[in-house]
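Inside the fold
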Amino acid sequence: MKLIQCDNCSKFFDGICAFEAIDFSINRGEIISLIGESGSGKSTIAECISGIKNLTTGKVTKIANLKMQYIFQNPGRSFNPKWQMGKSLLEPLKLSKKLENSTQIDVYLDKLKLDKQLLTQYPHECSGGQKQRLAIIRAILCEPDLIIADEVTSGLDSENEQELLKIFKEISLSGVAILFITHNIKTIENFSDQVIVLKQGKIVEKAITKTILDAPKQDYTQKLLAASHYFTSRRKEFVRI
Ligand SMILES: Nc1ncnc2c1ncn2[C@@H]1O[C@H](COP(=O)(O)OP(=O)(O)OP(=O)(O)O)[C@@H](O)[C@H]1O
């Protein structure tokens, strides 16, 4: 079942293109990775899909009452500085009438190696990685249809990164779709279903993850994989630059 469909979407800032002629859809339970070099338009696409920013042209069609959670690249943006973290986790659950899910907070704190004590701390008393993990827990407990995860693993160590990918995979199997924006191409292997490759605001390649990783068609994609050391560490036979 399709949750979101983007048709011929474009965004310009004062005439400068952030992305152009973008078409794709996200189905229930699907994990789509959005990759591309810095400035290729990944975050702006995510922000336009979520309604944080308006499209310049094109259309995003969503199912009725789509519940979406956006996890920002910068976890500092995610919390009210005057609230203890526990309150920041509970308030959206109250609003979305999912307060019963608060019993799972401890389970996720444990999975993501966070001390319960953090719930009594304020954002300025938490590290970036701790805030990021708490933002992720909050998003999951709201039981959204779609999570937009913008570079959410960048502040995490590899153990937490692996645990997070496992959690995302589990919730996707229960029907949550994930738009996963990343620079770290190694994270998408055995994780995402499809990959969209962006270059200067345009989709240059879109395919199932295995195809993109094993047989990228575009030079640009090959260079992205090489730059992330994907080829050099895992597929020496593909090294071309
Ligand atoms: N508010 C803004 N005003 C003007 N230009 C912007 C604005 N936001 C983004 N852009 C431009 O749009 C383009 C796409 O930016 P975007 O942040 O979406 O890229 P990105 O792929 O997410 O980059 P990164 O990986 O570095 O986060 C860039 O050229 C950027 O400079």
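As annotated in an unreviewed UniProt entry, the protein is ABC transporter ATP-binding protein from Pseudolactococcus hodotermopsidis. The record held by UniProt for the protein lists under Sequence similarities (unreviewed entry) the comment "Belongs to the ABC transporter superfamily." Database annotation for the protein, UniProt heading Subcellular location (unreviewed entry): "Cell membrane".

Below, the discussion takes up the confidence of the model for the protein. For the protein, the average pLDDT comes to 92, and 95% of its residues sit at 70 or higher. The complex model carries a pTM of 0.93, and its ipTM stands at 0.98.

Turning next to the environment of G36. Note that G36 resides in strand β3 (residues 31-36). With 26 C-beta atoms counted inside 10 Å, the residue G36 sits in the buried group. Separated by 77 residues in the primary sequence, G36 and K113 have C-alpha atoms spaced 30 Å apart. The residues touching G36, leaving out its near neighbours within four places in the chain, are G41, K42, V197, L198 and K199.

Moving on, we come to the pairing of strand β2 (residues 16-27). Taken residue by residue, a regular strand's side chains alternate between the two faces of the sheet. In the sheet, strand β1 (residues 2-13) pairs with β2 via eight bridges, with the strands oriented antiparallel. Paired with I4 across the strands is I26, a residue of β2. Connecting the antiparallel pair β1 and β2 is a turn made up of two residues, with D14 showing a positive phi of about 50°.

Now for helix α2 (residues 85-95). Within α2, burial applies to M85, S88 and L89. The buried side chains of α2 occupy one side of the element, clustering within an arc of 100° when seen end-on. Every exposed residue of α2 that faces more than 90 degrees away from the buried side is listed here: K94 and L95. Looking at the packing, one finds that the buried side of α2 touches α3 (105-111) and α4 (128-141).

Partitioning the protein into structural domains gives domain 1 (1-67 + 149-156 + 183-240) and domain 2 (68-143). Computed over C-alpha atoms only, the centres of domain 1 and domain 2 are separated by 26 Å. Taken together, the contacts link ten residues of domain 1 with nine residues of domain 2. Those elements giving two or more residues to the side of domain 1 that touches domain 2 turn out to be α1 (42-50) and β6 (146-150). Here the residues of the side of domain 1 that touches domain 2 are counted per class, giving four nonpolar, three polar and three charged.

Right, let's talk about the site of the ligand for a bit. Taken together, F13, A18, G36, S38, G39, S40, G41, K42, S43 and T44 make up the full set of residues adjacent to the ligand. Per element, the largest residue contribution to the shell around the ligand is three residues, and it comes from α1. A class-by-class count of the residues in the shell around the ligand yields two nonpolar, seven polar and one charged.

Let us look at the UniProt feature "domain: ABC transporter" (unreviewed entry) in the protein. Those places that UniProt annotates as "domain: ABC transporter" (unreviewed entry) correspond, in this numbering, to residues 4-225. The span residues 4-225 carries 32% helix and 27% strand; its end-to-end C-alpha distance comes to 28 Å.

This paragraph deals with the nonpolar core. If you look at the biggest cluster of nonpolar residues, it comprises 59 residues, and the most contacted ones within it are I71, I137, I148, A149, I178 and L179. Considering each element in turn, this core owes the most residues, seven residues, to α4. Both of domain 1 (1-67 + 149-156 + 183-240) and domain 2 (68-143) provide at least three residues apiece to this core. When residues no more than four places from it in sequence are discounted, the contact partners of A149 are I71, I178, L179, F180 and I181.

Cut-off values and rules
Position labels on residues start from 1 in each chain and follow its written sequence. Only residues with pLDDT of at least 70 are given local features in this predicted model, and only at 80 or more are side-chain atom pairs given and counted; all residues enter the totals for whole chains, interfaces and linings. UniProt positions are given in the numbering used here, feature names are shortened, and annotations may be inferred rather than shown by experiment. Scored between 0 and 100, pLDDT is the confidence that the predictor attaches to each residue. Numbered from the N terminus, helices here are DSSP runs of H or I no shorter than four residues, and strands are runs of E no shorter than two. Here a residue counts as buried when 20 or more other C-beta atoms sit within 10 Å of its C-beta, as exposed when there are 12 or fewer, and as partly exposed otherwise, the C-beta atoms being derived from the backbone. By the convention adopted here, residues are in contact when the distance between their C-beta atoms, placed from the backbone, does not exceed 7 Å. For two strands to be treated as a pair, DSSP must find at least two bridges joining them. Summarising the geometry, the arc corresponds to the directions from the helix axis toward the C-beta atoms. These domain limits were set by an automatic method or by a database of domain assignments. Note on residue categories: nonpolar means Ala, Val, Leu, Ile, Met, Phe, Trp, Tyr, Cys or Pro, charged means Asp, Glu, Lys or Arg, and polar means any other residue, Gly included. Contact assignment follows one rule, namely that a residue is near a molecule or strand if its backbone-placed C-beta atom lies within 6 Å of it. Buried Ala, Val, Leu, Ile, Met, Phe, Trp, Tyr and Cys residues form a nonpolar core when they are connected through C-beta atoms within 7 Å.

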